[in-house]
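Breakdown of the fold
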Amino acid sequence: MEKTQRLQRYKDRVCLVTASSTGIGKAVATRFAEEGATVIINSRKKENVDPVVKELTDRGLKAVAYPANVSNDKERQAMVAFIKEKYGKLDVLIPNAAINLHFGRTLDTSPSQFDKTISVNLKSVFLLVQECHELLTKGTKPAVLLIASYLAYQGENFLGIYAMTKTALLGLNKVLARELQEDGIRVNCLAPGLIKTTFSKDLWDGREREAVDNLKLRRLGTVDDIANATSFLCCEDADYIVGETIMVGGMITQRL
Ligand code: NAP
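The following refers to the structure shown. Per chain, residue numbering runs from 1 following the sequence as it is written. Under the rules for a predicted model, residues below a pLDDT of 70 receive no local features and side-chain atom pairs below 80 are neither given nor counted, while totals for whole chains, interfaces and linings still include all residues. As a rule here, side-chain values cover all heavy atoms of the structure and leave hydrogens and water aside.

A closer look at helix H9 (residues 223-233)
Defined as follows: Only protein chains enter the area calculation, which uses a 1.4 Å probe; residues under 20% of their type maximum are buried, those over 50% are exposed, and those in between are partly exposed. Only runs of H or I of at least four residues qualify as helices and only runs of E of at least two qualify as strands under DSSP, and these elements are numbered from the N terminus. A contact between two residues is defined here by any heavy atoms of the two lying within 4.5 Å.
Every buried residue of H9 is accounted for by Ile-226, Ala-227, Ala-229, Thr-230, Ser-231 and Leu-233. For H9, the secondary structure elements touched by its buried residues are helix H1 (23-34), strand E4 (92-94), strand E5 (143-147), strand E6 (186-192) and strand E7 (245-248).

Focus on the nonpolar core
Rule in force here: Residues belong to one nonpolar core when they are buried, are Ala, Val, Leu, Ile, Met, Phe, Trp, Tyr or Cys, and are joined through side-chain atoms within 4.5 Å.
Residues Leu-16, Leu-90, Leu-93 and Val-144 are the most contacted members of the largest nonpolar core, which totals 46 residues. Each residue touching Val-144, except ones within four places of it in the same chain, is listed here: Leu-93, Val-129, Leu-136, Ile-185, Arg-186, Val-187 and Asn-188. Counting residues in each nonpolar core, the second largest holds 30 residues, with Ile-41, Leu-145, Ile-195 and Cys-234 among its members.

Regarding the site of the ligand
Here is the rule we go by: Near, as used in this document, describes a residue that has one of its heavy atoms within 4 Å of the molecule or strand being considered. Polar contact is defined as a pair of N or O atoms within 3.5 Å, subject to the rule that within protein one atom must be able to donate a hydrogen and the other to accept it, and that residues adjacent in sequence are counted only when both atoms are side-chain atoms. Note that accessible areas follow from Shrake-Rupley with a 1.4 Å probe, and for residues the cover is restricted to the protein chains shown. Of the grid points, spaced at 1 Å and generated over the protein atoms alone, those admitting a 1.4 Å probe that cannot get out make up cavities, while open sets with protein on both sides within 12 Å along at least five of seven lines make up pockets; any residue with an atom within 4 Å of a point is treated as lining. Cavity and pocket membership follows a simple rule, namely that a molecule belongs there if more than half of its atoms are within 2 Å of the grid points.
Close to the ligand lie 28 residues, the nearest being Ser-43, Arg-44, Asn-96, Tyr-162 and Thr-197. For the ligand, an oxygen atom lies 2.6 Å from a polar atom in the side chain of Ser-43. In the environment of the ligand, a nitrogen atom lies 2.9 Å from a nitrogen or oxygen atom belonging to the side chain of Asn-69. Contact with the protein chains covers 94% of the free accessible surface of the ligand, which is 900 Å². Judged by its atoms lying within 2 Å of the grid points, the ligand is housed in the largest pocket.

Structure, rendered in structure tokens:
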């Protein structure tokens, strides 16, 4: 859909979506931009971030690049300082970056893999919310959306520590939602199902039929399925939804 056909629910809003150079993050950031926002496109590598900014600005949308590793304190804090300096506020924060470093038996996860996974998937999410808090209080109807996973609910033999970090985000969501509502900041969490991206390739590539057979809706999710839900959850239309985790998973039925 062309940007002119979209609702302009994010006009004059500033949105930070981490890990937005590809996959879910890119689709989500693109949708915010199509709905009028200025989006900060982030991932570790400048060569991945710059083409997305060009693609969006060539379409007349508002986007700026900020390459930073979210688990590197200096880089992450410099990104927040950049937003403060340039915009003086933040309306939407989506800490979307996550990694999985071990695909196999959970007990074979090395201490270093364990620490790095916690650092990106959980600690950086908390720190980013903490560091963006002041900027969010200056935003209009500010919203934070954590990105968990359907694996947060069911665990997974081959992605054990990754799944555990996503379960922890469900708890972090509840804690932050209570605390930040006092400042008018809405916090929610979205749990994507199996979405066709590079990240999830091991779960569907070469066995898509088998993967789809496990899903009641009989198709893998798309990044646009996530963008559709995200653009609703972070705008005023979702004003009365706080502290929830919304599954966008084609009828995956597991719950805690
Ligand atoms: P993806 O397509 O593989 O994209 C990963 C993105 O993360 C890239 O932009 C990558 O760019 C960036 N990145 C990686 N490490 C980073 C770091 N330390 N700091 C900043 N950026 C970093 O992944 P995806 O499937 O869209 O996943 C996005 C989110 O959805 C994740 O939180 C994931 O857990 C969640 N999720 C995905 C699925 C699924 O089926 N795909 C299901 C449930 C949940 P660089 O290489 O340039 O850093």
